[in-house]
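# Summary of the model geometry
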There are 2 protein chains.
Amino acid sequence: MTSSDWLYENFEPAGSSIGFRVRARLDEVQSPFQKIEIFESTDWGNVMLIDGAMMVTTRDNFLYHEMMSHPALFTHPDPKRVVIIGGGDCGTLREVLRHPGVEQAVQCDIDEQVTRMAEKYFPELCESNGDPRARILFDDGIAYMAKAATGSLDVVIVDSTDPVGPAEGLFNKAFFESCFRALKDDGILVQQSESPLVLLDLIKAMRAEMGKAGFTTFQTLPFPQPCYPTGWWSCTLARKGQGFEFREADARAKPFATKYYSAEIHKGAQTLPPFVAEALTR
Amino acid sequence: MTSSDWLYENFEPAGSSIGFRVRARLDEVQSPFQKIEIFESTDWGNVMLIDGAMMVTTRDNFLYHEMMSHPALFTHPDPKRVVIIGGGDCGTLREVLRHPGVEQAVQCDIDEQVTRMAEKYFPELCESNGDPRARILFDDGIAYMAKAATGSLDVVIVDSTDPVGPAEGLFNKAFFESCFRALKDDGILVQQSESPLVLLDLIKAMRAEMGKAGFTTFQTLPFPQPCYPTGWWSCTLARKGQGFEFREADARAKPFATKYYSAEIHKGAQTLPPFVAEALTR
C-alpha cells in the first residue's frame, strides 16, 4: 500500500460511494459478528470499517456523535438514565456523559471487539469509559431491552450499523416495543436513520414500525456526515406523548463545548427541507 | 463497462472521494478549456464531470442550484438585474428566473460546450433558456465583469468550478473588485465556496480577498451536496453595507416550488456550526 491508495465504500442501495486516501491498514479482526478493519488515512485520521462499511473517522465522527446525543438529551425534560444500544466505539457514550444530570449511561454493544479497537485507535472517544456513571456491556441489545425494567429509562439511543446483519433486528416493531415499554412516559427513543437524501423510504418504514410499537411523535434531524453514504445523515427521535419541547435555554447554557451541535443548529435541524418533509408525510 | 462499474472523483486536497455506480459513458468532449464527460449512473441520473471533477447529477443538483440563487435573491431588497458567472449548465439561471421581479439574468460561461452538453443531457436545467429575460453568453467572466457598467447590477452569482484551471481567477481580489464596482450599493455577490468541513482555509482566504475588494459583510451558508467532496458544501454572500436583511415573509410566500430551499432552511443555514464559525473568525 502506497500513499496514493484509496479506500472506497461502495454503498449498493444508493449507487453512491465514499472514499478516503489511506496510508496503511493498521489492524483487522474477525469477531464472532463481523469483520472490523482500521486504516490510517492521510487527512481523516484513523478510519474504522465494519464489514466494509465506514463507521468512524477521527476527523468527522463528532458530527454523528453530537447529533445522536445532544438533541435528545436537550429535548427530554430531565434525562437521568440513558441506554445506548450499539455505539461500541464509545463516542456517543462520551457525549451523553457530558450532561451533568445523567446519573447512569449503559452502553450495550454485542461486539466487544469494536470497543477494543476503539480504545486502541480512537482513544479520545473512550476517554469517559472510566466515568463512574458509565456501564459498558457486551451483550445482545435486543435481549437487553427485552429484559429492561418497565418504565425505567429516560432516553434510549440506538447507535447501530446499517439495518443488515447484526443490526437488522434494531429497526423493527418488536425491538421498538421493548424500548417503548422500558421508557418512562416522557422518555425518548433515538435511532440513527440513514441518509435523508436517498433512504427516505427506510426512514418512513422505520417511523411506521416505531408507530406500531406505540410511539406517537417523531422528529427526524438531518446533519452532515462525510464518512457515511451521500455525506448527509440523520437521526430520528420518537416519543410517547405529543410534541418535542426543546430545552433551548439549557442548550444555550450547556456547560460543555461542542463542535457541530448548538442550540441554533438543533433548532435549524427541526425544520426539514421540503422534499424530505413531503416524503415523510406522504 | 458493466452495470457494476464505479466512477470516482478522488479529491486530492482533502484526501476524500465521491463516487457513483455508472452504466455507460454517454459522451465526452475536449473543449478549448476543459474535458467534459457525461455518464449515465444507475441511481443518480446523468452525471457531468469537468476535468474529472463531478459537476452535476440529475438527482442532486437541486440542492446546489437552489442554494446558489434563492438565499441571495431573498436577501437583496429587490433584485432586478442578475449576472451569473460560470453556471454553464443553466441550473442556476433557471432558479434565478423563478423570481418574477428579475428583469434580466445574464449567464456568462467561458465554455459553450458545457451548455451544449447540459441541453442534451440535463434538458430540465435548460428549460428557462428561452425566457426573454435570459441572456446566455459564452465569454470570459473575468473580462465581462471588468467591462460591466458601474453600479448596474443587483446580484452577481459566481457559479464556478474549483479554484484551479479556468476558474482560478474567480477567487481573487481583482475579480472581486470588478464585482464590487459593477454592483449597486445594495448589491450582493454570491460565490460557491467549497466544503466547510475541509476547506475552511479556502473560505477564509476567499472572504479576505472579497474584503480587500471592498466588501464588508459576509455570510457563508452550508448545505448538503452529495456529488461534491465530503457531501457538504457552501455558498458565501458578500455585500457592501452592513448586515443581511433576509426577506423572510417574501421567501415564505414565494410563488414557486423548491425541493431543498425554504424560508426555514435559509434561516437555519445562517447560523454556522461552532467549528465553522470559530474557524472563520479566527
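Residues numbered from 1 in each chain as written. Chains lettered and ligands numbered in written order. Predicted model: local features only at pLDDT ≥ 70, side-chain atom pairs only at ≥ 80, totals over all residues. Heavy atoms only, no water.

### Some points on the packing of aromatic side chains
This structure, assessed with the given rule, holds 23 aromatic pairs over all chains. Ring geometry for Phe62 of chain A versus Phe275 of chain B: centroids 5.1 Å apart, planes at 80°, classification edge-to-face. Pair noted here: Phe62 of chain A is in helix H1 (residues 61-73) and Phe275 of chain B is in helix H9 (residues 274-281), and the two residues belong to different chains. Taking the relative accessible area as the measure of exposure, Phe62 of chain A reaches 8% and is therefore buried. (Phe/Tyr/Trp six-rings, centres within 6.5 Å; stacked < 30°, edge-to-face > 60°. Helix = DSSP H or I, 4+ residues; strand = E, 2+ residues; numbered from the N terminus. Buried < 20%, exposed > 50% of the residue type's maximum accessible area, 1.4 Å probe, protein only.)

### Thoughts on the relation of the copies chain A and chain B
When chain A is fitted to chain B, the best match, at an RMSD of 0.0 Å, comes from turning it 180° and sliding it 0.0 Å along the axis. Those values place the two copies in the arrangement expected of a two-fold rotation axis. Same-surface contact between copies: 100% of interface residues of chain A are shared with the interface of chain B. (Least-squares fit on C-alpha atoms with pLDDT ≥ 70 in both. Contact = heavy atoms within 4.5 Å.)

### Quick notes on the sheet that holds strand S8 (residues 134-138) of chain A
Residue and element names in this part refer to chain A. If you walk across this open sheet you meet the 7 strands as S8-S7-S6-S9-S10-S12-S11, and the pairing is mixed. Two strands lie at the open edges of the sheet, namely S8 and strand S11 (217-224), each paired on one side alone. Mean inter-strand twist for the sheet, computed between neighbouring axes without regard to direction, equals 15°. (Pairing = 2+ DSSP bridges. Axes fitted to C-alpha atoms, helices over the stretch in contact; angles between N-to-C directions.)

### Here's the deal with the UniProt feature "binding site: S-methyl-5'-thioadenosine" (unreviewed entry) in chain A
Residue and element names in this part refer to chain A. The residues that UniProt annotates with the feature "binding site: S-methyl-5'-thioadenosine" (unreviewed entry) are Gln34, Asp109, Asp140, Gly141 and Pro166. Residue placement: Gln34 occurs in the loop between strand S2 (16-30) and strand S3 (35-41). Mapping Asp109 onto the fold places it in strand S7 (residues 104-109). What Asp109 contacts, discounting residues up to four positions off in sequence, is Gly86, Gly87, Gly88, Leu137, Phe138 and Asp139. (UniProt positions renumbered as here; feature names shortened; annotations may be inferred.)

### Side note on unusual backbone geometry
Although it is not a glycine, Thr230 of chain A sits at a positive phi angle of roughly 75°. With respect to the helices and strands, the residue Thr230 of chain A is situated in the loop between S11 and strand S12 (232-239). Phi is positive for Asp51 of chain B, which is not a glycine, with a value near 45°. Summarising the element assignment, Asp51 of chain B is placed in the loop between strand S4 (46-50) and strand S5 (53-57).

### Details of empty space enclosed by the protein
For the structure on display, the rule yields 2 cavities of 30 Å³ or more. The wall of the largest cavity is formed by 21 residues, among which Pro222, Tyr260 and Gly268 of chain A together with Tyr260 and Gly268 of chain B lie closest to the centre. Elements supplying a minimum of two residues to the lining of the largest cavity: S11 and helix H8 (263-269) of chain A together with strand S11 (217-224) and helix H8 (263-269) of chain B. The leading source of residues in the lining of the largest cavity is H8 of chain B, at 4 residues. Here the residues of the lining of the largest cavity sort into 16 nonpolar, 4 polar and 1 charged. There is about 30 Å³ of room inside the second largest cavity. Lining the second largest cavity are Met55, Val56, Thr57, Asp60, Asn61, Tyr64, His65, Gln225, Cys227 and Tyr228 of chain A. Breaking the lining of the second largest cavity down by element, the ones donating at least two residues are strand S5 (53-57) and H1 of chain A. Here the residues of the lining of the second largest cavity are counted per class, giving 5 nonpolar, 4 polar and 1 charged. (1 Å grid on protein atoms, 1.4 Å probe; cavity = no way out; pocket = protein on both sides within 12 Å on 5 of 7 lines; lining within 4 Å. Points joined across faces, edges and corners; volume = space filled by probe spheres on them. Nonpolar A, V, L, I, M, F, W, Y, C, P; charged D, E, K, R; others polar.)

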